[in-house]
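# Working through the structure, step by step
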Amino acid sequence: MSAEQLTALLPIIAITATAVLVMLLSAFVSNHRLINMLSLLGIVVTFLTLLLVVNVAPVQVTPLLLIDRFALFYGGLILLSGAVVVMLSRDYFLDSENTRVRAAEYYILLLVAILGAMVLVSASHFGAFFIGLELLGVSLYVLVAYLAPSIGGRIISLEAGVKYLILSGVASALLLFGIALIYAEFGTLTFTELGERWRSAEALNGLFAAAGIGLTLSGVAFKLSLVPFHMWTPDVYEGAPAPATAFIATVSKGAIFAFLLRFFTTTGAFENQMIGLALALVAIASMLGGNLLALLQTNVKRLLAYSSIAHIGYLMVAFLAGATGYVGLPVVGEAVGFYLVAYFITTLGAFGVVSALSNMHGARDLDQLDDYTGLFWRSPWLATVLTAMLLSLAGIPLTAGFIGKFYIFTAGAEGLLWWLLAALILGSAIGLYYYLRWIVVIFKQPQEQGNQMPVALPLSVNMSIVLTLLALALIGLGVYPPPLIDLLQSI
Amino acid sequence: MVLVWLILILFLGGILAWLADRTRLADPRWIAIATILIDLLVLISFSLSSSSVTIAGQEWWATLDLPWIPRFGIHFILAMDGLAFLMLLLTLFLGLIAVLSSWTEIKKSSGFFHFNLLWTLAGVAGVFTALDLFLFFFFWEVMLIPMYFIIAVWGHENRTYAAIKFFIFTQASGLLMLLAMVALVYFNYQQSGQLSFSYFDLLGANLSGAPVFWLMLGFFIAFVVKLPGVPLHTWLPDAHTQAPTAGSVILAGILLKTGAYGLIRFCVPLFPEESVIFAPTAMTLGVISIIYGALVAFAQTDIKRLIAYTSISHMGFVLLGVYAFNSQGYQGAVMTMLAHGMTSAALFAFAGSVQQRIHTRDMREMGGFWGSAPKMGAIVMFFSIAALGMPGLANFIGEFLVLLGAFKANSWITVVAALGLILAPIYSLVVIQRIFHGKPLVPRDISDFSSREVLMMGMMMLITIGLGLYPQPVMETVGLVLQMGVS
């Protein structure tokens, strides 16, 4: 391995080293704050190594990993989100030393999950893809069930973890079988070689190829929780501790979508009509299904779960625009990139507020819609941040979510995808209702509340910083997006 | 730069009002008044000193063009012409009225209320000056959110339903418009190779082969929802009825005008040929709005609902005038917008003051108020008569010109529309009769207008009379935006 390749691997090495360090430290110290600080420091250092690697990229490191600007951009996004999740966890697991919950393993798992996500976005080979996916997935099973009843936690957390383990295991099995079939048909697992073979005529008409791709896509659709593979999402979102939910909603889904983007743009698989049609139907079903099911929720974590299904559906529109041939792949990359950044900020912000209001000592997170009654009058700043995040999810101007949606509109219009855009508009209109319903609850005047309110936690400095930064990023990108657009165009 | 300041002053004033309330340093109501007065001063002093520039065959008093999102050819373009100036003047004046009309009504978190009020005005000011399609949409939505909060937080008994309905109607139709904008820009891009959201670049767009009619419809639906025209009006009676007084004043006086403004500024000039084809349909919708609004208004017992339906009827005249495609129709439409701004704002302010006094809007529980509140009776009598189109007052000029223009374009439709002039006296006078005459179901006295209320009503009366007797300045100011689109 050359020095250049080793340099390119620096971020992955750094995050792995952080995980090992935290593990070693936790054998001797159980101080939660110290472990939290070390994890955060490790992530920041890893982020800094990215800046070193930019100069040498792109580098192919073994056939498995391609460290290019794409991988670095999404790696950076994952690390920043990871840092936010670590900061959210700090208050969530406060005073965990006095309970049977040990927070140290939580951070180790979080760091390993980040490692998995970074491998995923750098993968140029199905082998690396699967390794990354499983590193991410196996860590997540435990993170979801982290507050299990055996250590005085919540039954719902264990249920969610087991559900995710079983269903995700099935999806992984499908994926592996699909990959095996693709290998049987084409004899290679690297994306560039697959792309060359698929571009030749009738390559995808064989039974093995069709079944292989179908199974692989089903597995990926499961991880992205696209309709009809979405059943696990609300339960897992509800059961997982709030910071872990934020992690699943952003890093886990974002990394897989970035992989999907890379896979399809490298191999050109979506130029195949059957695949394009199947993906379009899945996108429409997700946009409409996600939004309609969200209407029925009274639990905000479940509500955000269904809303995330719809948002991945919106993303699929930009993605599919690339398949039409009218829209250049760089435009698709930009649209998806911008939307994902906006979605990351918004989702982290929304779950950040949920985290700020909850902690591990409660019997549940503060996740009922009623819990938010009159939040604005008790805790104006938290409420303002949450409102901004919800407006961004709804795609209202002044927020990054609007520019993201605008990007998808332009990509879709350029690709003449009128049916998908019609579903997007319909989905957005439905979506408005439940976002607004939540906002109405937040702004309800105090004297009308009949039930006894849990008093809002005083906001810690740490939380204020995180949430303020997220809100500033949200508004900043919504009002003046050119810096991010330039960055995305340079990928 | 003065255009930026016009908008920025309102945004900053809003933040200041909120901060002032939280720190208890000053009364947010006075900050709101001061902000609007400063803005008015800036606007008027600018209008006196301005010189005009000609862009795309049209005179503009001021323009500003800064790059914003170069990736999409989006610019920060603000410009003002006579039409925009009149609309801004109306906006700021009614903003003042709105603050005055809610002077004693808003007891809870007055700072946040005035923040929302000023931000709505800022959004509206942006809508009236933005000439980049993206920027226009941006402001179109920005004015929506604070209005939503005004209804949802300070509204009456059924406010949540009304606020969400208002928001979903406007936002969903807005998305249609956004889609039409993006498609228009991309079709233009394919033809000309220039990616631009600028109004001036798109005016002369050659769109052969594009589904232009559908794009026009996207704009039309968004603007008619706001106008509102039948059958897309159902959000309006709920929103108006549930909003607090200042909210109703702004909704009826200003926000409805953004729909009409959009038709005049964007829908017709951007799609001239399609608009001509579509004109008979649009005019028919206008007539249906006029008749339907008037008939339904007559059947109401809730006074705010009644006034809301009369708005639908009056705005039908605007739709009729815009699609008549001649100078009378156009000038009549603008005049009706200004006149309706005054009368509807005054009547909603009256309805609000009545509700504040007797805690009901049900006209069946009113009656005989003239005895205890003669000033109120006389003033409301004045505005009712103005609304029914009495010659000498502004509304008459507007509706008369609209009918004149529309008759040239389509005589049969106009004959039906003229029936509205018969229906208007019926619902207008019925308000006077039910509230001020006769014996009430529940006998009660009502306190008369305070001097604050007399002052604000007096200002609106003066303007209504002034515009009615000497409308020429308005006619000269508005120019002929529409004409160039048609020719």
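Residues numbered from 1 in each chain as written. Chains lettered and ligands numbered in written order. Predicted model: local features only at pLDDT ≥ 70, side-chain atom pairs only at ≥ 80, totals over all residues. Heavy atoms only, no water.

### With respect to the overall build of chain A
Looking only at helices and strands, one finds 20 helices and 2 strands in chain A. Against the compact-globule benchmark of 23 Å for 491 residues, chain A has a radius of gyration of 22 Å, which places it among compact chains. Dimensions along the principal axes, computed over C-alpha positions, put chain A at roughly 70 × 55 × 40 Å. A total of 491 residues make up chain A; the buried ones form 64% of that total. A fraction of 79% describes how many contacts in chain A between residues 6 or more apart in sequence connect residues 24 or more apart. Of the roughly 16,800 Å² of accessible surface on chain A, a fraction of 70% belongs to carbon and sulfur atoms. Charge separation in chain A, taken as the distance between the mean sites of 19 positive and 23 negative side-chain charges, equals 7 Å. (Helix = DSSP H or I, 4+ residues; strand = E, 2+ residues; numbered from the N terminus. Rg over C-alpha atoms; globule rule 2.2 N^0.38 Å. Buried < 20%, exposed > 50% of the residue type's maximum accessible area, 1.4 Å probe, protein only. Contact = heavy atoms within 4.5 Å. Areas by Shrake-Rupley, 256 points an atom, 1.4 Å probe, with all protein chains shown as cover. Lys, Arg positive; Asp, Glu negative; His and termini not counted. Charge placed at Lys NZ, Arg CZ, Asp CG, Glu CD.)

### As for the pairing of strand S4 (residues 74–80) of chain B
The side chains of a regular strand alternate between both faces of the sheet. Residue and element names in this part refer to chain B. Of all 7 residues in S4, 5 are buried; the element is thus mostly enclosed. Here strand S3 (residues 62–69) pairs with S4 via 7 bridges, running antiparallel. Following the sheet pairing, Pro67 is matched in S4 by His75. (Pairing = 2+ DSSP bridges.)

### Some remarks on the pattern of salt bridges
When charged atoms on two side chains of opposite charge get close, those side chains can pair. Tallied over the entire structure, the rule returns 19 salt bridges over all chains. As a salt-bridge pair, Arg364 of chain B and Asp362 of chain B come within 2.9 Å of each other at their nearest N and O atoms. We classify Arg364 of chain B as exposed; its relative accessible area is 52%. Linked by salt bridges that have partners in common, Lys163, Asp235, Glu238 and Arg302 of chain A make up one network. (Salt bridge = Lys/Arg side-chain N within 4 Å of Asp/Glu carboxyl O.)

### Describing the confidence of the model for chain B
The predicted model of chain B has a mean per-residue pLDDT of 88, with 97% of residues at 70 or higher. The weakest mean pLDDT in chain B belongs to helix H22 (residues 481–486) of chain B at 50; the strongest belongs to helix H4 (residues 110–129) of chain B at 93. (pLDDT = per-residue confidence, 0-100.)

### Overview of the interface of chain A and chain B
Listed by partner, the interface residues are 43 residues for chain A and 38 residues for chain B. For the pair chain A and chain B, the interface holds 1 salt bridge. Put simply, Arg71 of chain B and Glu334 of chain A hold a salt bridge, and the shortest N to O gap is 2.5 Å. Remark: the boundary between chain A and chain B carries 3 residue pairs in polar contact (both at pLDDT 80 or more). Secondary structure elements with two or more residues in the side of chain A that touches chain B: helix H14 (329–357), helix H15 (375–378), helix H16 (380–393), helix H17 (400–414), helix H18 (418–442), helix H19 (461–479) and helix H20 (482–489) of chain A. Take the side of chain A that touches chain B: its biggest share by element is 11 residues, from H18 of chain A. Tallied by class, the residues present in the side of chain A that touches chain B amount to 31 nonpolar, 8 polar and 4 charged. (Polar contact = N/O pair within 3.5 Å; in protein donor to acceptor, adjacent residues only side chain to side chain. Nonpolar A, V, L, I, M, F, W, Y, C, P; charged D, E, K, R; others polar.)

### Considerations on unusual backbone geometry
Residues and elements named next belong to chain B. Cis peptide bonds are those with omega within 30 degrees of zero, and the linkage from Leu227 to Pro228 qualifies with -10°. Structurally, Pro228 is set in the loop between helix H9 (212–226) and helix H10 (235–242). Of note, the amide linkage connecting Val230 to Pro231 takes the cis form, showing an omega dihedral of 10°. Along the polypeptide, Pro231 turns up in the loop between H9 and H10. The backbone phi angle of Phe325 is positive, close to 55°, even though this residue is not glycine. Tracing the sequence through the fold places Phe325 in the loop between helix H13 (303–322) and helix H14 (327–358). The exposure class of Phe325 is buried, given its relative accessible area of 14%.

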